[in-house]
Amino acid sequence: DAKTTQPTSMDCAEGRAANLPCNHSTISGNEYVYWYRQIHSQGPQYIIHGLKNNETNEMASLIITEDRKSSTLILPHATLRDTAVYYCILTLGAGNMLTFGGGTRLMVKP
Amino acid sequence: GAVVSQHPSWVICKSGTSVKIECRSLDFQATTMFWYRQFPKQSLMLMATSNEGSKATYEQGVEKDKFLINHASLTLSTLTVTSAHPEDSSFYICSARDLGWDSGNTIYFGEGSWLTVV
């Protein structure tokens, strides 16, 4: 799977939108972009995924650039419970194994 | 989302003994499950891919005779750490792929199992 690059850490004020970037400049045409998060001492939680189009669900929005070389996960109104490590992962086809990188540690502050 | 359950959540065992961790998909059938290990302040490392009815595929550097994986049914995979040693102490996490028609083949994770070998 192609590699992704994420900032190591980010801060966000409670109630504000959290925008988490992910670069994947070598992504191939059939690779999906998946986002998971891991709250301390828990298993990763699925957030959202997409291939080409922007996606939105009850948790977040995923914005994928037209050239697919980068994407942004948006948490529209961050809460303290959104403090976690967020992983951007590429996978060949939907549902293939996930290879985790370092992720972004998001700290939501009051 | 779909639910994947692990048991036990935490376990302490003596060095040299074996311990089994169960991973169940509660509301979907999973032909493929994945086992990960995570050390403190590190990311998840894939250990093996477990396929229902066939042998698991292990990642390079993971000892298949030490980490026994059994995937005997569509809803259950087990990881047995044999002859455990203190260096095997870690957070073990399983995941399962939901192949349901409306699931998007999404992979869901269990809550994880903390293993401490003393």
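Up top is the structure these notes are about.
Residues numbered from 1 in each chain as written. Chains lettered and ligands numbered in written order. Predicted model: local features only at pLDDT ≥ 70, side-chain atom pairs only at ≥ 80, totals over all residues. Heavy atoms only, no water.

Here's the deal with the nonpolar core
Thinking step 1. One finds Y36, L98 and F100 of chain A together with Y36, F109 and L115 of chain B to be the most contacted residues of the largest nonpolar core, which totals 42 residues.
Thinking step 2. At 5 residues, the largest contribution of residues to this core is made by strand β9 (residues 90-97) of chain B.
Thinking step 3. Sequence-distant contacts of Y36 of chain A, that is, excluding residues within four places in its chain, are made with P44, Q45, Y46, I47, V85, Y86, Y87, I89 and L98 of chain A together with T106, I107 and F109 of chain B. (Core = buried A, V, L, I, M, F, W, Y, C linked by side-chain atoms within 4.5 Å. Buried < 20%, exposed > 50% of the residue type's maximum accessible area, 1.4 Å probe, protein only. Helix = DSSP H or I, 4+ residues; strand = E, 2+ residues; numbered from the N terminus. Contact = heavy atoms within 4.5 Å.)

Details of the interface of chain B and chain A
In many reports, interface size means the accessible area that the parts give up when they come together.
Thinking step 1. Taken together, the 19 residues of chain B in the interface contact 17 residues of chain A.
Thinking step 2. Between chain B and chain A, the buried area comes to about 1400 Å², and carbon and sulfur atoms account for 57% of it.
Thinking step 3. Our count for the chain B to chain A interface comes out at 0 salt bridges.
Thinking step 4. Here chain B and chain A share 5 residue pairs in polar contact (both at pLDDT 80 or more) between them. (Buried area = accessible area lost by both parts, 1.4 Å probe. Salt bridge = Lys/Arg side-chain N within 4 Å of Asp/Glu carboxyl O. Polar contact = N/O pair within 3.5 Å; in protein donor to acceptor, adjacent residues only side chain to side chain.)

Observations regarding the side chain of Q6 of chain B
Residue and element names in this part refer to chain B.
Thinking step 1. Structurally, Q6 can be placed in strand β1 (residues 4-7).
Thinking step 2. A polar side-chain atom of Q6 sits 3.0 Å from the main-chain carbonyl oxygen of Y92.
Thinking step 3. At 2.9 Å, the side chain of Q6 and the backbone nitrogen of C94 are in polar contact.
Thinking step 4. Look past the residues within four positions of Q6 in its chain and what remains in contact with it is I21, E22, C23, W35, Y92, I93, C94, G110, E111, G112 and S113.

Quick notes on the sheet that holds β1 of chain B
Residue and element names in this part refer to chain B.
Thinking step 1. Ordered in space as β1-β3-β8-β7, the 4 strands form an open sheet in which the pairing is antiparallel. With partners counted over all chains shown, the strands left at the sheet margins are β1 and β7 (67-73), one partner each. Recorded for the sheet is a direction-independent mean angle of 15 degrees between the axes of neighbouring strands.
Thinking step 2. Where strand β3 (residues 19-25) meets strand β8 (residues 76-81), 6 bridges bridge the pair, whose relative direction is antiparallel. Looking at the pairing, C23 lines up with S77 of β8. (Pairing = 2+ DSSP bridges. Axes fitted to C-alpha atoms, helices over the stretch in contact; angles between N-to-C directions.)

Looking at the sheet that holds strand β9 (residues 104-109) of chain A
Two strands in a sheet stick together by hydrogen bonds in their backbones, pointing the same way (parallel) or opposite ways (antiparallel).
Residues and elements named next belong to chain A.
Thinking step 1. Strand order in the open sheet made by the 5 strands is β1-β9-β8-β3-β4, with mixed pairing throughout. Two strands lie at the open edges of the sheet, namely β1 (9-13) and β4 (45-50), each paired on one side alone. Pairs of neighbouring strands in the sheet enclose a mean axial angle of 25 degrees, with direction left out of account.
Thinking step 2. By the bridge criterion, 8 bridges tie strand β3 (residues 31-38) to strand β8 (residues 84-92) in an arrangement that is antiparallel.

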